[in-house]
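Spelled out from the first residue to the last, the chains are:
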Amino acid sequence: LHGHEKKSLVDAVVKVVEQNHFQRNCEIMSLEYSLVEELKTNYPEYTVGYCVYGNLGQARLNSLRQLNVDFLIIEESMASNSFIAQCNQAWLPVYIWTVNQQQTMESCLKMGASGIITDKPKDARKVVNAFIRESMQ
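Nothing here was measured: the structure is a model prediction, and the numbers come from that model.

Some words on the sheet that holds strand β2 (residues 47-52)
Next up, step 1: Spatially, β1-β2-β3-β4-β5 is the arrangement adopted by the 5 strands of the open sheet, whose pairing is parallel. One side of each edge strand has no neighbouring strand; the edge strands of this open sheet are β1 (27-30) and β5 (115-116).
Next up, step 2: Most of the contacts of helix α2 (residues 33-42) go to β2, to which it runs at about 165 degrees, and overall it touches β1 and β2.

So, in structure tokens, the structure goes:
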């Protein structure tokens with residue numbers, strides 16, 4: 001947001017999604033909590049996430065759980081076993097970005113992350129497939 005929007009960014013995004021009949025296959029996230037809140041208030045049927053940017057040391061899990069979101073996205077440097085475990089206990093999926101090293105991808109999955117965001121999708125697919133195979137044994 002820059003403060004000079006002439007129309008609702010949320011309404012514009014929803015219009016594009018609905019014009020393309022993509023409602024059931026769409027998850028929307030933003031770094032701007034005001035947009036997340038507006039989307040969840042006006043369009044509660046959408047799956048909406050909040051990308052927490054900065055230092056999680058200042059963000060307490062209870063305050064994050066009070067957010068009106070369906071999932072969180074955190075930076076790779078902010079991921080920890082304890083935070084992800086607490087989010088999982090609260091049924092709050094956590095995705096980690098931007099994870100480009102295969103070893104780190106594996107570590108994130110072992111921590112219990114719901115998923116990873118990467119610039120290397122082919123590498124991630126290999127890691128995820130191996131993780132699933134190992135988990136099923």
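Structural notes on the pattern of salt bridges
Next up, step 1: Scanning the model with the defined rule gives 2 salt bridges in all.
Next up, step 2: For the salt bridge of Asp-70 with Lys-40, the shortest nitrogen-to-oxygen distance reads 2.9 Å. Highlighted residues: Asp-70 in the loop between α3 (61-65) and β3 (71-75) and Lys-40 in helix α2, separated in sequence by 30 residues.
Next up, step 3: On the basis of relative accessible area, Lys-40 is assigned to the buried category, the value being 10%.

Criteria and cut-off values
Residues numbered from 1 in each chain as written. Predicted model: local features only at pLDDT ≥ 70, side-chain atom pairs only at ≥ 80, totals over all residues. Heavy atoms only, no water. Pairing = 2+ DSSP bridges. Helix = DSSP H or I, 4+ residues; strand = E, 2+ residues; numbered from the N terminus. Contact = heavy atoms within 4.5 Å. Axes fitted to C-alpha atoms, helices over the stretch in contact; angles between N-to-C directions. Salt bridge = Lys/Arg side-chain N within 4 Å of Asp/Glu carboxyl O. Buried < 20%, exposed > 50% of the residue type's maximum accessible area, 1.4 Å probe, protein only.

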